[in-house]
Amino acid sequence: MEIRTFASGDGSEVVALWRDCGLVVPQNDPRKDIRRKQAFQPELFLVGAEGHRIVATVMAGYEGHRGWLNYLAVSPEWQRKGIGRRMVEAAEQRLRSLGCAKINLQVRKANTEAMAFYRSVGFQEDAVTSLGKRLEIDEPEPADDGKLSPVKAIPGYTLQYLTREPRARTVPQWLSGKETEKVRRFHRRLPGYRPTPLVRLQHLSRSWGVTEILVKDESRRFGLGSFKALGGSWAVFRSLCRKLEIDPETVEDPLLLRGAQRDRIGRITWATATDGNHGRGIAWAAEQLGHPAVVFLPRGAAPSRVESIRSHGAVVEVTDLNYDDTVRLCRRRADENGWTVIQDTACEGHTEIPRWILQGYTTLCAEAVDQMEQAGIHSPTHVFVQAGVGGLAGAMAAFLTDRFQDQSPRFIVVEPKNAACILASVVAGDGRPHAVTGDLDTVMAGLSCGEPNPVAWEIVRDFPSGYVSCGDFVAANGSRILAHPLEGDPAVEAGESGSVGIGLLDLLVNRTDLLPLRKDLGIGPDARLLFFNTEGATDPESYRNILWYGAFPAPQPTRTEAPR
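Here is a short report on the structure shown in this document. All values reported here derive from a predicted model rather than from experimental measurement. (Residues numbered from 1 in each chain as written. Predicted model: local features only at pLDDT ≥ 70, side-chain atom pairs only at ≥ 80, totals over all residues. Heavy atoms only, no water.)

### Details of the overall build of the protein
Step number 1: A tally of helices and strands in the protein yields 19 helices and 17 strands.
Step number 2: Rg of the C-alpha trace for the protein: 25 Å, near the compact-globule value of 24 Å for 564 residues, within the 12% margin.
Step number 3: Counting only C-alpha atoms and orienting by the principal axes, one finds that the protein spans roughly 80 × 60 × 45 Å.
Step number 4: In the protein, which comprises 564 residues, the share counted as buried stands at 57%.
Step number 5: Counting contacts in the protein only where the partners sit at least 6 residues apart, residues at least 24 apart contribute 72% of the total.
Step number 6: About 24500 Å² of surface is accessible on the protein, with carbon and sulfur atoms providing 47% of the total. (Helix = DSSP H or I, 4+ residues; strand = E, 2+ residues; numbered from the N terminus. Rg over C-alpha atoms; globule rule 2.2 N^0.38 Å. Buried < 20%, exposed > 50% of the residue type's maximum accessible area, 1.4 Å probe, protein only. Contact = heavy atoms within 4.5 Å. Areas by Shrake-Rupley, 256 points an atom, 1.4 Å probe, with all protein chains shown as cover.)

### A closer look at the side chain of T274
Step number 1: Its place among the elements puts T274 in the loop between strand 10 (270-273) and helix 9 (277-289).
Step number 2: Given the relative accessible area of 2%, T274 is considered buried.
Step number 3: Polar side-chain contacts of T274 include one of 2.7 Å to the backbone nitrogen of G276.
Step number 4: A polar atom in the side chain of T274 sits 3.5 Å from the backbone nitrogen of H278.
Step number 5: Residues within four places of T274 in sequence aside, it is in contact with G279, V295, F296, L297, P298, I309 and Y323. (Polar contact = N/O pair within 3.5 Å; in protein donor to acceptor, adjacent residues only side chain to side chain.)

### Things to note about the nonpolar core
Soluble globular proteins: nonpolar side chains tend toward being buried together.
Step number 1: Grouped together as the largest cluster of nonpolar side chains are 84 residues, with contacts concentrated most on F222, W270, I342, M396, L400 and F532.
Step number 2: Of all the elements, helix 12 (residues 352-374) adds the most residues to this core, at 11 residues. (Core = buried A, V, L, I, M, F, W, Y, C linked by side-chain atoms within 4.5 Å.)

### Some details on the side chain of D539
Step number 1: Tracing the backbone through its elements, the reader meets D539 in the loop between strand 17 (528-533) and helix 19 (540-549).
Step number 2: For the buried D539, which has no salt bridge, the nearest side chain bearing the opposite charge is R305, at an N-O separation of 4.1 Å.
Step number 3: Once residues within four sequence positions are removed from consideration, D539 is found in contact with A302, S304 and R305. (Lys, Arg positive; Asp, Glu negative; His and termini not counted. Salt bridge = Lys/Arg side-chain N within 4 Å of Asp/Glu carboxyl O.)

### Comments concerning unusual backbone geometry
Step number 1: A positive phi angle, near 50 degrees, is found at Q41, a position not held by glycine.
Step number 2: When you line up the elements, Q41 lands in the loop between helix 2 (30-39) and strand 2 (45-50).

Right, here's the structure in full:
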C-alpha cells in the first residue's frame, strides 16, 4: 500500500470511504472538513492507496503543543490487515518531525472496537474530560451551482434522493434521431426480431391516481430475457464492419458477415465483463455471427446467469472481484490475448464501442414511442429509468429528449443504495463522474456498478429531474406487484433490476413519508409514467424467493390517498 498526501482529486472517494466507515455525522460537513485541512497543514492529511483505490485515511494536526489525529478510516473489506497501524505510524512520523511530543485523539465511548485498536498501537486513556465548543455550524451545501437541493433521506426506507431542474437538453449528435434510426433498421433485420410489448396497466393507474402506467417489457427480447442484446449486437456488428472496412448501411443481411467476408479477418474473440445480462447478449451476438466470446463475471454471480451465457458457446470465468474490478481484469486479459473488448462502460482509448452500445439500446425506446402513438397515448410526462453505469438511462433520456424536444418528460434515475454512483457523482458537484466503493452488494445484480460510464455521464448529469437510491425491498416489491397485478391488468415477469421503478412508484403514491418527493417530481393525476422492465427472471432462484417466500420485505405501510 502507498501512503501519500491527500490530492485535490481524492475528495469524493475519501468522503465515500468516511461514509462507509460511519465517520460522517450531521454536525460535520466532510467536504468542509477537507477544505479546512487543505488550508492548514495539508501535508498532514494522508491517504493509503491500493493501486487506483483509496482504502485508508488519517488527518493529523499539530498546534505547537500537542498533536491530534482525526478521520482515521480503513475501508471495511481492508480492515484487520495492519493498514490502520501503518496509517497511524505514518502520521506519528510526520508529527515527530515537527517536534510534537504527545498525540491526543477523541473516541466515542460506545466505539469499543476503536478503543481496542488505539490501545493496541500504544494509546492510553487520559484522566480528563473532553470539552468542545462549536464556532461554526456545518449546514449542507448545494453540491452544484445553486440549482441542486441537498440530498435528502427518508427515515426507515434506506432511501435518498435529490431533485433539480434539468441543466441541459442538447442531445449528442451520435444519439440523434438520424443515427438511432440506422440502429433500428439493423435490429429489424436480425433473425427473431420483433418489438417487445408495451404493457398498459390501466387498473393500477386508476388505483394509484395517475393517468397512465406503461411498462416496456424487455423480458421477451430475442428469447434472452433482457434488453442487453440490443446494444451488444449493434456494437459487435459495427466493430466487424470497421475491421472489414465496410459501410454498415450497405449490409443488407448482417449475418452474411459469417461467410466469405469473415474469412478475410479470421476468427475474432469478443471479451466482456458482466453481471449477467450484458454478457449473455454478447455471447448471443458472437454466436449469431460465428465468433467465440469470453465472458468474465464478478463474485457472487448467479449460477443460472453463468449457465445461460455458456449455453451460447462462450467461455465463462467467474472472478473473486467486484464488478468494476472485473471490468479491469477483462481489459487486461484482452490486451494479453489480442481479444476485442465489447464493454458498455468507457475508459481511455475505449469510447467508440460504448457509444455503439448506447445507440443499440435506443431501439427499445423507439418501439415504445411507436406503441404509445398506435394506442393513442400522449407522450410520457415521467420516465423512471434504472441505472448501473448509466448507459440505459443516458440512451433513454437522449432519445426521448430528441424525440419530444420542449415536451420531453421528466427523467428519474433509480439506483441501489449500495451502488448509487450516479447520485454520488451528481452530489459531488464538480461535474465529473465519481466511483463508489465497497462490495456493491444488492439483489439488483444488473445495477451493481460503482463507476459511471463516462460516455453517458454528461447526459445523466444534465437531463434528469430526480435521482433516487433505494434498498433492495423496493425492487422486490416491484417484482411482486408486476407478477400479481390488479384484476384486468396483464402480469409482467420482472427481475429485480427491471422492477425497481414500479417499486418506487408504489412508495411515492402510497406512503405519506414520500409525499415531499412525489410533489417535487410533479406526479399527480395527469401523470403518464413510463418504465422499463429491463429483465425477466434471469435468476430464477432469487425471483422465486421474492415471490414465494417474501424475500426483502418492505416496511409496514402508512397509507395515504392517491394524488388528486
